[in-house]
Amino acid sequence: MFARSVYICRRKELKKLVGSGLIFFPGNHDSPFNYPANTYSFRQDSSFLYYFGIDQPEVAGVVDVDENKDYFFGNDIDLDDIIWMGPQPSIAEKGASVGVEHTGSLADLQTLIQNTIRKGRKIHFLPPYKARTLLWMEELLGIRAQAVRQFASVDLIKAVVKQRSVKDKGEIAEIKKAIETAYYMHTTAMLLAQPGVVERKIAGVIEGIALSCGGPVSFPVILTINGQTLHNHYHGNVLKKERMLVIDTGAETEMHYTSDITRTVPVGGKFSKRQKDIYEIVLEANMKAIKAIKPDVPFKKVHLLAAKTIAEGLKGLGLMKGDTDDAVKAGAHALFFPHGLGHMLGLDVHDMEGLGENYVGYDSEISRSDQFGLAFLRMARKLEPGFVLTVEPGIYFIPALVEQWKKENKFEQFINYSKVKQYLDFGGIRIEDDVLVTEKGYRVLGMPIPKTVADIEKVMKGLK
Ligand code: GLY
Ligand code: MN
C-alpha cells in the first residue's frame, strides 16, 4: 500500500471533481472456481484500490462529498475465521491505514445507503462488471441487477478517468517493477523457444515467474507460433524452426500495477531473411512511434505514423504499392495491421477499460473512427505528462482476412495480392513497450528487454 496521505489526497481531489452527492465504491468478492469454497485468486477492483487501497474481498468504500466524510465498510472476522485464516487487523484498523476514520459493518453500509436514498440524495457509482457486484448493488440500491449499469454516474467516470490517467511517482515505480518481472518472463521465454518445445511449457514457466515476483500475470499469457491470431491463448502447438513465436505477456506487482510487453522471436534463435525483413519494419514502426510521443500530440497521430511506416516498409518488399499516404488514409494497411497502436496502462492492463473505452481514449476533440483497423484504436486523444501507454505495432498475415479482401478486390490499387499469397504461412510479429509521457517527451519504462535482431539472437544463444 502507498502512504495513507496518498489515498486521502486522491479522495479529496475526487470530491472536488464530482462536486456533490455520495460516491459508492463496492470492492470485489471471491469468485468460485468449481465449487463455492474453491475460489479463483482474488483480484480487487482497481478503482477501489486507487481510492481505498485495501486488498481484500467483501469490503466497500463510500465518499460523502456533501458531508466531506470517507467511510470504509466490512465485517470483522470471528474466532472461526481466525482458526482458518489467522488473525487479521480489524476493519477500523484497516480504515485507519488508508486515512479513513468512519468505519462500519456491511449492515451499516446498507443503513447509510438506505438513508441516502430516503433523503433523495444522488449516489454515484462506476459501471459494475461482475455479476456478484450487480446482485449486491441490486440489494443495496433497489435497482434491478440488469439495469444497474444504466445508472452508472458519468460525472464519476470522468472524474476517475481524469485522476487515474495521470500516474504519480509511486505508481510509475510500481509499473517499472512490473516491467522488471516482464523482463525475466521474456528473456526466459526467449531461451526456451527451441524447436520441439510445446508452447504451454514456456507459458507455464513464465506465468510462474510472474507469481514468484509477487503478482499474477496481468492478462492470460499470449504465447504462440500462430501470432496472426491477435489474442491467441492456445498453448498446445509444438515450436517449429521456421515459425516466429509471439510472446505478449506482463505481470502485476503486489499492489496490482501492471506491465504489458510483446516480443517476437524466431524459433531456434536465428532470423531468416524473410523474418528479418518483416521484423525490421515492425521495429521501425515501434521506435518511430515511441519517438513521436510528447504532450499535446494526439495518440491517433502516433498510430497513423506507425501505420505509414508499416505501409512504406511493406511497399519496399513489394507487398503494398501506390501512394503510402493515400493507402493509409483509405485503411489498406489494416490488412496487415488491423489493431490500434496501444492503450493506457496502470492498475488495469487496459487501464480503466471497464469504465468505457471512449471516456478513456477519446474526448470532444477526437471521436472514434469507423474505419476497419482504426476503429479498434483504444487510445486516440491528446497525450498529457504522466500518461503511461503501450506502443505495440504489428504485421500479421491472416489467411481468412487476405482471402476475403482478395475476393472483394479490396484496395487492389494498394495491395499486391500475388506477393501477399507467398506470406500466408508467415504468422505475425508484434513488438510492444510501455512508455511514460514526460513534460518534454517520453521515457520507455523499465529495464530494456532485447528487441533488435542482434540483441534477440544474442540472448537466444544464451549470451548477455
Ligand atoms: N497485450 C494484450 C493487449 O494489449 O490486448
Ligand atoms: Mn497491450
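This report concerns the structure included in the present document. In this text the structure is predicted, and so the values were computed from the model without any measurement.

Side note on helix 7 (residues 154–165)
Compared with an ideal rise of 1.5 Å per residue, which puts twelve residues at 16 Å, helix 7 spans 16 Å between its outermost C-alpha atoms and is within 8% of the ideal. Listed as buried for helix 7 are Leu156, Ile157, Ala159, Val160, Val161, Gln163, Arg164 and Ser165. Residues of helix 7 that are buried make contact with helix 1 (4–18), strand 1 (22–26), helix 2 (46–52), strand 7 (123–124) and helix 13 (357–361).

Looking at the site of ligand 1
Around ligand 1, the structure places Phe219, His231, Asp248, Asp260, His343, His350, Glu392 and Glu432. Between ligand 1 and Asp248, the relevant distance is 2.8 Å, taken from a nitrogen atom to a side-chain nitrogen or oxygen of the residue. In the environment of ligand 1, an oxygen atom lies 3.4 Å from a nitrogen or oxygen atom belonging to the side chain of Glu392. Computed on the free molecule, ligand 1 has an accessible area of 190 Å², of which 95% lies beneath the protein chains in the complex. Classifying every residue of the shell around ligand 1 gives one nonpolar, three polar and four charged.

Regarding the coordination of the manganese ion (ligand 2)
Protein-derived coordination of the manganese ion (ligand 2) comes from Asp260 (OD), His343 (NE2), Glu392 (OE) and Glu432 (OE), at a distance range of 2.1 to 2.3 Å. Counting gaps between the donor residues of the manganese ion (ligand 2) yields the pattern D-x82-H-x48-E-x39-E. Of this pair, Asp260 sits in the loop between strand 9 (244–249) and strand 10 (261–266) while Glu432 sits in the loop between strand 13 (428–430) and strand 14 (433–437), and the two are 172 residues apart along the sequence. Here Asp260 matches Glu432 in class, with each residue buried.

Things to note about the pattern of salt bridges
Summed over the entire model, instances satisfying the criterion amount to 26 salt bridges. The closest approach of N and O atoms between Lys16 and Glu13, which form a salt bridge, is 3.7 Å. Here Lys16 pairs with Glu13, and both are found in helix 1, just three residues apart, close to one helical turn. With a shortest N-O distance of 2.9 Å, Asp433 and Arg263 are connected by a salt bridge. One end of the pair, Asp433, is in strand 14; the other, Arg263, is in strand 10, with 170 residues separating them in the sequence. The network of salt bridges with shared partners includes Arg164, Lys167, Asp348 and Asp351.

Cut-off values and rules
- Residues numbered from 1 in each chain as written.
- Chains lettered and ligands numbered in written order.
- Predicted model: local features only at pLDDT ≥ 70, side-chain atom pairs only at ≥ 80, totals over all residues.
- Heavy atoms only, no water.
- Helix = DSSP H or I, 4+ residues; strand = E, 2+ residues; numbered from the N terminus.
- Expected span 1.5 Å × (residues − 1).
- Buried < 20%, exposed > 50% of the residue type's maximum accessible area, 1.4 Å probe, protein only.
- Contact = heavy atoms within 4.5 Å.
- Near = heavy atom within 4 Å.
- Polar contact = N/O pair within 3.5 Å; in protein donor to acceptor, adjacent residues only side chain to side chain.
- Areas by Shrake-Rupley, 256 points an atom, 1.4 Å probe, with all protein chains shown as cover.
- Nonpolar A, V, L, I, M, F, W, Y, C, P; charged D, E, K, R; others polar.
- Donors = N, O, S within 2.8 Å, 3.2 Å for Na, K, Ca; no water.
- Salt bridge = Lys/Arg side-chain N within 4 Å of Asp/Glu carboxyl O.

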